[in-house]
Amino acid sequence: MTILVTGATGNIGRRVVDGLVGAGQRVRAMVRDPQSARLPYGVEPVRADFTRPETWPGALDVVERVYLFPFACGTGFVEQAAAAGVRRFVVHSAAAAGFAPSDDPSALARHLEDERQAHRGLELEVEATGREWTHVRPGLLAANALGWVERIRAERTVREPYGRSGYPLVHEADVAEVAVAALLTDDHLGAAYTITGPAKVTQAEQAAAIGAAIRAEVRFEELTPAQARTQWLADGYPPEVADWLIELLAAAVDGPGALPPTRTYEEITGRPPRTFARWAQDHAADFLGEAA
Ligand SMILES: NC(=O)c1ccc[n+]([C@@H]2O[C@H](COP(=O)([O-])OP(=O)(O)OC[C@H]3O[C@@H](n4cnc5c(N)ncnc54)[C@H](OP(=O)(O)O)[C@@H]3O)[C@@H](O)[C@H]2O)c1
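Note that the structure is a prediction, hence the values are computed from the model and not measured.

Draft legend 1. Representation of the site of the ligand. Close contacts around the ligand come from 22 residues, with T9, G10, I12, R32 and A94 the closest. A total of 3 residues in the shell around the ligand trace back to one element, the largest contributor, which is helix α1 (residues 11–22). Of the residues belonging to the shell around the ligand, the class tally is 13 nonpolar, 7 polar and 2 charged.

So this is what it looks like as structure tokens:
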């Protein structure tokens, strides 16, 4: 059986590839640049792009199961995959796919509604094929903290608003483990899983955990929301992104904000989810600037 992993060079996709290889499976990795993909030994790279349908047949030939990256949404890839013989899709979705529709005009609510429509849209495309499916819906990824890499390497400092704000950030390895189980066993057919980390971890705690992982003090400097907005715009963020980011953080200062923790990972695997401290240890080399 050949399993196609799309988004195979991504944070989660790499772990899915590793998990499948570890389980002795035949894995094909869909990448746009096989030269730079750095795939494990034994994985078959295939050059394909969701925006270029002429590249899909080579990726889909004799494939039975697919780990489906969100960029497939609306491209026609899912239909073509089903027509080519794919019998099972495990969808890399997002927690927002499980949210109720909303017409709240706030920047955060509009962003979450866009996310909901995109990710639920892909899930519905897959369900419409009549093939087997599992939807894996991560909450906020711990990997978002990789956005701090440059400043931590250069200054050992994180500057953000709302130091007491935080979400139950999920380790990409936990998401990938569930995806691999859904690809390889029949235990998760027709399930939609929202997977988070174990508990809220504040922005200040994230900085401290990264500091502990790299054995250096990483200072957390709290910005006002206005200062943060100015910095993000200077960093090139669109204004609407700066707006929803501020609302996202403001919403989780005292409570769980838009996304409370779930127990899904533990219910599926019998183990507690990996902590942010563990994630920081696993990514210490990124923050130190060491080659992987
Ligand atoms: N950030 C969050 O907190 C969060 C939470 C829940 C869900 N999500 C969803 O998860 C996704 C990010 O997952 P991740 O962090 O694992 O991925 P990632 O590290 O951002 O990697 C992106 C992947 O997409 C591939 N890709 C990009 N453009 C492509 C194209 N045109 N055709 C084919 N492949 C393409 C890249 O492959 P190559 O460049 O090697 O070709 C790479 O493997 C987001 O899109 C978001 O929808 C994010």
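Draft legend 2. Highlighting the nonpolar core. Residues V5, V16, L68, V90, V136, A179 and I210 are the most contacted members of the largest nonpolar core, which totals 84 residues. Here this core takes 8 residues from helix α6 (residues 172–184), the largest share from any one element. Excluding its chain neighbours within four sequence positions, the residues that come into contact with V16 are V5, Y67, A176, A179 and V180.

Draft legend 3. Examining unusual backbone geometry more closely. Positive phi is not limited to glycine here, since R38 has a value of about 50°. Relative to the helices and strands, R38 resides in the loop between β2 (26–31) and β3 (44–47). In this structure R38 comes out as exposed when scored by C-beta crowding, with 10 C-beta atoms within 10 Å. Even without glycine at this site, R156 takes up a positive phi of about 55°. Its location among the elements puts R156 in the loop between α5 (149–155) and β7 (157–161).

Draft legend 4. Representation of the packing of α1 against α6 in the model. Axis separation between α1 and α6 bottoms out at 8 Å; the angle between their running directions is 50°. Judged by the inter-axis angle, α1 sits oblique to α6. Of the two elements, α1 crosses α6, and the hand of that crossing is right-handed. In this structure, α1 contributes N11, I12, R15, V16, G19 and L20 to the contact, and α6 contributes E172, A173, V175, A176, E177, A179, V180 and L183. Of the residues contributing to the contact of α1 with α6, the split by class is 9 nonpolar, 2 polar and 3 charged.

Draft legend 5. View of the packing of helix α4 (residues 107–128) against helix α9 (residues 239–250). At a minimum axis separation of 8 Å, α4 and α9 run at an interaxial angle of 105°. With respect to α9, the element α4 is oriented roughly perpendicular. Of α9, the residues touching α4 (which contributes A107, L108 and H111) are E240, D243, W244, E247 and L248. Broken down by class, the residue content of the contact of α4 with α9 amounts to 4 nonpolar, 1 polar and 3 charged.

Definitions and cut-offs
- Residues numbered from 1 in each chain as written.
- Predicted model: local features only at pLDDT ≥ 70, side-chain atom pairs only at ≥ 80, totals over all residues.
- Near = placed C-beta within 6 Å.
- Helix = DSSP H or I, 4+ residues; strand = E, 2+ residues; numbered from the N terminus.
- Nonpolar A, V, L, I, M, F, W, Y, C, P; charged D, E, K, R; others polar.
- Core = buried A, V, L, I, M, F, W, Y, C linked by C-beta atoms within 7 Å.
- Buried ≥ 20, exposed ≤ 12 C-beta atoms within 10 Å, placed from the backbone.
- Contact = placed C-beta atoms within 7 Å.
- Axes fitted to C-alpha atoms, helices over the stretch in contact; angles between N-to-C directions.
- Parallel < 35°, antiparallel > 145°, perpendicular 65-115°, else oblique.
- Left-handed = near helix turned anticlockwise from the far one by under 90°.

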